[in-house]
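Structural features, examined
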Amino acid sequence: MDPRDREDGPIQEAGAADSDSGDGSGECGVASPYRWLRRLSRELHWSFVLAVFAVYGACQGVGDAVGVVAATYYCKDVLRVQPAAAQFYQGIVNSPWVVKPIWGLLTDVVPVAGYRRRPYFLLAGVIGVSSMLMLSLQSNPGIVVGVLALTAQSTGAAMADVTLDALVAQNSITNPPLASDMQSLCGFSSSVGSLIGFSISGLLVHLMGAQGALGLLSIPSALVFSAGILLKESRVTDFDYKQEFIGAIYAIGSVGSLLGVLLYQTALKDCNFRSMLLWGQVLSSLVGMLDLVLVTRLNTKIGIPDYIFAVIDSAVCQMVGRLQWLPLLVLCSKLCPPGIEGTFYALLMSIQNAGLLMSSWWGGLLLHMLNVTQTEFSNLWLAVLIRNVSRLLPLMLLFLVPQSDQNSTLLPAHILQDEAVKDESGSAQFSVLVADDSCCHPSNVDAENDRVKVIDDAGDDIELIPLMNKTTTAG
């Protein structure tokens, strides 16, 4: 086949389809943009094409172009900041684009009212419109207000961009021949929008001022809001536990782990060990009951979808697990004797790992005894209940844990003192000879009274070592 026949295949297919249906000649989509857009509207619904024009054409194309010029003059003329400070503030304004995976996680795994894309278009539009209108109506805004408003507008634009990219990827999977056409449409909209935006940006700033030009950026955000209203999207009726969703659940759960670390550092690191381990075990048992709610499907009876409940369960469990684990690590580090810290700490951690291994084996045995298989879950609730109750068993040994706080020293003082003496003294010794003075000692003094005093530099241990027997003669 001639490579030219394969070039722009999807677009040529569009021309062929139109020709077969009697709509006109078989011109390719590049030569006939109208046919190209009409085909995309027919295959993907016109609301998708409108969303592309609103996000890439209006918000990113025109909006970014006008925003760059207007924001530069806004910082210089209104906020009156120096170039170095302006660069720093620009970094803050662009920060929402760095955390785009967060917006992607939200639009993928946190639907609102059964929709995954439309609510985030609406939210992005509201954020953009409100922030730019507030900024343009402020007569004398401060630096903080200005930077926050520009950052909010950037957040709305980033959220709309991620949501539209998700739509493009989703449609590329369901309509593979149209994948290249959708990317061409996005690039075309962005390029035309940038051309228009940069052409009118200077004129707008000259006629309306920097604040007035920034206020006009509420129009692209309003178009994004309209796209969210008009977008055709099927409602999510049941949560599909695919691999990507499982990974997303664990990713959001890691946020709970981070919150647990911050909570421990700010409020709980001075609490005593026994209280921390007590409440850690109790909370771990109670939080485990969330799995019981999910298994028995009680969450659906109270109106909470499975995906939302699974995300909440993962985040809360990881947060409690982190709060339970951190004081235990502190306790292990404080119990290590001097000189064998690495060995003893590794021993404690190996005991922990052995416990995890045993829990996995006992859990498998319990599932086998309860006849829980890949297709049989009738007794799964009982396994979850037994697991949660068993988490309270370690509380019987809680009396072995010291009541001291996490800042105190747990090892006996003599162990630390002996180690400190070793570190300071080393192996140096000093010998002191008792002088042999015949005029001071009688001639009949026994020679074994002459000694060498070997004294540690610490001054604690004195050892007497006998010298050679000597005969003292009187002068």
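Calculation rules
- Residues numbered from 1 in each chain as written.
- Predicted model: local features only at pLDDT ≥ 70, side-chain atom pairs only at ≥ 80, totals over all residues.
- Heavy atoms only, no water.
- Helix = DSSP H or I, 4+ residues; strand = E, 2+ residues; numbered from the N terminus.
- Buried < 20%, exposed > 50% of the residue type's maximum accessible area, 1.4 Å probe, protein only.
- Contact = heavy atoms within 4.5 Å.
- Areas by Shrake-Rupley, 256 points an atom, 1.4 Å probe, with all protein chains shown as cover.
- Axes fitted to C-alpha atoms, helices over the stretch in contact; angles between N-to-C directions.
- Parallel < 35°, antiparallel > 145°, perpendicular 65-115°, else oblique.
- Left-handed = near helix turned anticlockwise from the far one by under 90°.
- Nonpolar A, V, L, I, M, F, W, Y, C, P; charged D, E, K, R; others polar.
- Phe/Tyr/Trp six-rings, centres within 6.5 Å; stacked < 30°, edge-to-face > 60°.
- Lys NZ or Arg CZ within 6 Å of the ring centre and 35° of its normal.
- Salt bridge = Lys/Arg side-chain N within 4 Å of Asp/Glu carboxyl O.

**Observations concerning the overall build of the protein**
When helices and strands are tallied, the protein shows 18 helices and 3 strands. Relative to its full complement of 475 residues, the protein shows a buried share of 34%. Counting only contacts in the protein whose residues sit at least 6 apart along the sequence, the fraction spanning at least 24 positions is 74%. Of the roughly 27,400 Å² of accessible surface on the protein, a fraction of 63% belongs to carbon and sulfur atoms.

**Regarding the packing of helix H8 (residues 118-137) against helix H9 (residues 143-174)**
In contact at an axis separation of 8 Å, H8 and H9 are set at 160 degrees when each is read in the N-to-C sense. The angle between H8 and H9 falls in the class roughly antiparallel. In terms of crossing hand, the pair formed by H8 and H9 is left-handed. Touching Tyr120, Phe121, Leu123, Ala124, Ile127, Ser131, Met132, Met134 and Leu135 of H8 are Val145, Gly146, Ala149, Leu150, Ala152, Gln153, Gly156, Met159, Ala160, Thr163, Leu164 and Leu167, all from H9. Here the residues of the contact of H8 with H9 sort into 16 nonpolar, 5 polar and no charged.

**Details of the packing of aromatic side chains**
As enumerated under the stated definition, the model contains 1 aromatic pair in all. We note Arg118 situated over the ring of Tyr115; from NZ or CZ to the ring centre the distance is 4.9 Å.

**Let's talk about the packing of helix H3 (residues 33-44) against helix H10 (residues 179-215)**
Helix-helix packing: each pair is described by the crossing angle between the helix axes and the interaxial distance. Running from N to C, H3 and H10 point in directions that differ by 120 degrees, and their axes come no closer than 11 Å. By the angle class used here, H3 and H10 are oblique. Here the hand of the crossing between H3 and H10 comes out left-handed. Listed contacts from H10 to Trp36, Leu37, Arg39, Leu40 and Leu44 of H3 are Asp181, Met182, Ser184 and Leu185. Partitioning the contact of H3 with H10 into residue classes produces 6 nonpolar, 1 polar and 2 charged.

**Re the pattern of salt bridges**
Tallying each qualifying case throughout the model produces 4 salt bridges. Across the pair Asp161 and Lys100 runs a salt bridge whose closest N-O atoms are separated by 2.9 Å. Of this pair, Asp161 sits in helix H9 while Lys100 sits in helix H7 (residues 100-109), placing them 61 residues apart in sequence. Relative accessible area serves as the criterion here: at 4%, Asp161 is assigned to the buried category. On the basis of relative accessible area, Lys100 is assigned to the partly exposed category, the value being 26%. Note that Asp291 and Arg387 form a salt bridge whose closest N and O atoms lie 3.0 Å from each other.

Geometric values such as these leave the question of function open.
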